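Working through the structure, step by step
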Amino acid sequence: MSDSLAFLPFTKPTMDEETIAAVADVMRSGWMTSGPKVQALEAQLSEYFGGRPVRTFNSGTCTMEIALRIAGIGAGDEVITTPNSWVATANVIIETGATPVFADIDPKTHNIDLAKVEAAITPRTKAIIPVHMCGLPCDMDKLYEIAEKYKLRVIEDAAQAIGSSWKGKRIGSFGDFASFSFQVNKNIMTGEGGCLVLNNAEEARLAEKYRLQGVTRSGLDGIDVDVLGGKFNMTDIAGAIGLGQMKHLTEFNAKRLELAKYYFAQFGTDFEAQTGAELPVADFENSNWHMFHLVLPERINRATFMQQMMDVKIGLGYHYRAIHLFTYYRERGFTDGMFPIAERIGKQIVTLPLFPTMTKADVERVVSAVKSRLL
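Residues numbered from 1 in each chain as written. Predicted model: local features only at pLDDT ≥ 70, side-chain atom pairs only at ≥ 80, totals over all residues. Heavy atoms only, no water.

Our focus in this paragraph is unusual backbone geometry. Cis geometry marks the peptide bond from His 319 to Tyr 320, where omega comes out at 15°. Tracing the backbone through its elements, the reader meets Tyr 320 in the loop between α11 (302–311) and α12 (327–330). Phi at His 110 takes a positive value of approximately 65°, unusual for a residue other than glycine. On the basis of relative accessibility, which here comes to 7%, the residue His 110 falls in the buried class. (Helix = DSSP H or I, 4+ residues; strand = E, 2+ residues; numbered from the N terminus. Buried < 20%, exposed > 50% of the residue type's maximum accessible area, 1.4 Å probe, protein only.)

Here you go:
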């Protein structure tokens, strides 16, 4: 591999000069905390999600915790989720005083196995937090059939799924709560941030309280606090970035789709049989292709493989180690072997480069490097 080639990261944010100028304008305005840019972004997001109420926050983690609190989840309750996610998905359950209950994942989609969700339901189960992994939606029909059958709330961890759809309907435009992340590696970003899609005006008002210390203001000097809130509001600097990113969301996702299709074309139809590796589900209708995962065969040491790719200036990520194997969760009683599919995939998965400014030549370079180490 030529030394002249630039390092290719697994992800890279894209921001135009117009957005950079808009951030500078916010800084010159003197209004940098929550203000008109945040309100404008919330209005755009609400329109994007079919008119549903949307509130923005400083992360896509607190959005899930706040949804749980709005749903009345707390001590003594159980919430079923996946062990295959960023640890925040389970941490927020514990933050509310509830107990996380894991269900193993589907070996192909890497989403939560809904049959195992149903088997894990007890009288204490009050909610489900599914994750739309890499932007590939869970089976929404089956998910909400289970939720309705057992009277459960759903908080969709749609952190990776803005622009994804299910049977022609955007994720977030229907269902129960939907939580999106605008962290810097997402399909659109605000640096750090997120939004929560809610069901009605009452939930939206409660979300506003939870994101800013439980405060309600009235008139020029009226103030009250009637719930325990935190400090989770989005800044106008982030809001300005989000407004600039929204202009390009369709374009960004279209480019990701084009690159994903080219990955499959370059790997070829016999790659899995030849190597024992596993490609993602080739879904070109519903997924926004937030990430492109490759599960390495058991004979390959992941750290060695990642270093070999780094040696030829190709950066990889891995998403994710199974949550229940972290020390904190082991101390809560979880052990090896409880969720074998998530454990196997979490041990062998890598995330290949995929972002809008990549070229087809970049894809060819990645695939060539992967094949040279697996074939």
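Let's shift gears to the side chain of Ser 85. Counting through the fold element by element, Ser 85 comes out in the loop between β2 (78–81) and α4 (88–95). For Ser 85, the side chain forms a polar contact with the side chain of Thr 89, separated by 2.6 Å. The residues touching Ser 85, leaving out its near neighbours within four places in the chain, are Val 131, Met 133, Asp 157, Tyr 320, Arg 321 and Ile 323. (Polar contact = N/O pair within 3.5 Å; in protein donor to acceptor, adjacent residues only side chain to side chain. Contact = heavy atoms within 4.5 Å.)

Note that Glu 42 resides in helix α2 (residues 36–48). A distance of 2.9 Å separates the side chain of Glu 42 from the side chain of Arg 211, its partner in a polar contact. Those residues in contact with Glu 42 that sit more than four places away from it in its chain are Val 54, Arg 55, Thr 56 and Arg 211.

With mixed pairing, seven strands are arranged side by side in an open sheet as β1-β9-β8-β5-β4-β2-β3. Here the strands that pair on one side only, and so sit at the sheet edges, are β1 (54–57) and β3 (99–102). Across the sheet, the mean angle from the axis of one strand to that of its neighbour is 25°, orientation sign disregarded. Looking at chain direction, β2 and strand β4 (residues 125–129) are connected through four bridges and run parallel. Counterpart to Thr 81 in the pairing with β4 is Ile 129. Lying over the sheet, helix α7 (residues 201–211) contacts β1, β5 (153–157) and β8 (177–181), oriented at roughly 10° with respect to β1. (Pairing = 2+ DSSP bridges. Axes fitted to C-alpha atoms, helices over the stretch in contact; angles between N-to-C directions.)

Moving on to the pairing of β8. Of all the five residues making up β8, five are buried; the element is thus mostly covered by neighbouring parts of the structure. Here β8 shows no split at all, with Phe 177, Ser 179 and Ser 181 on one side and Ala 178 and Phe 180 on the other all buried. Pairing of β5 with β8, which is carried by three bridges, proceeds in the parallel orientation. Note that in β8 the partner of Asp 157 across the bridge is Ser 179.

Residues Leu 45, Phe 49, Ile 80, Ile 162, Phe 180 and Phe 182 are the most contacted members of the largest nonpolar core, which totals 41 residues. Sorting the residues of this core by element identifies α2, α5 (114–120), α6 (140–150), β8, β9 (194–197), α8 (236–246) and α9 (249–267) as the ones contributing at least two each. When residues in this core are grouped by element, the largest group, five residues, is from α6. Not counting residues up to four positions away in its chain, the partners in contact with Ile 162 are Leu 45, Tyr 48, Phe 49, Phe 180, Phe 182, Asn 187, Ile 188, Leu 249, Asn 253 and Asn 288. Listed in part, the 32 residues of the second largest apolar core include Tyr 262, Phe 267, Phe 271 and Ala 369. (Core = buried A, V, L, I, M, F, W, Y, C linked by side-chain atoms within 4.5 Å.)

This brings us to the pattern of salt bridges. Taken as a whole and judged by the stated rule, the model has 18 salt bridges. Of the charged contacts in the structure, one is a salt bridge between Arg 211 and Glu 42, with a shortest N-O distance of 2.9 Å. Of this pair, Arg 211 sits in helix α7 while Glu 42 sits in helix α2; the two residues are 169 residues apart in sequence, bridging distant segments of the chain. Pair check on accessibility: Arg 211 and Glu 42 agree, each one buried. Between Asp 226 and Lys 209 there is a salt bridge, and its shortest N-O distance comes to 3.0 Å. Taken together, the positions of Asp 226 in the loop between β11 (222–225) and α8 and Lys 209 in helix α7 put the pair 17 residues apart, joining distant regions of the chain. Here Asp 226 falls in the exposed class, since its relative accessible area comes to 51%. Here Lys 209 falls in the buried class, since its relative accessible area comes to 19%. (Salt bridge = Lys/Arg side-chain N within 4 Å of Asp/Glu carboxyl O.)

Function cannot be read off these values alone, since they describe shape.
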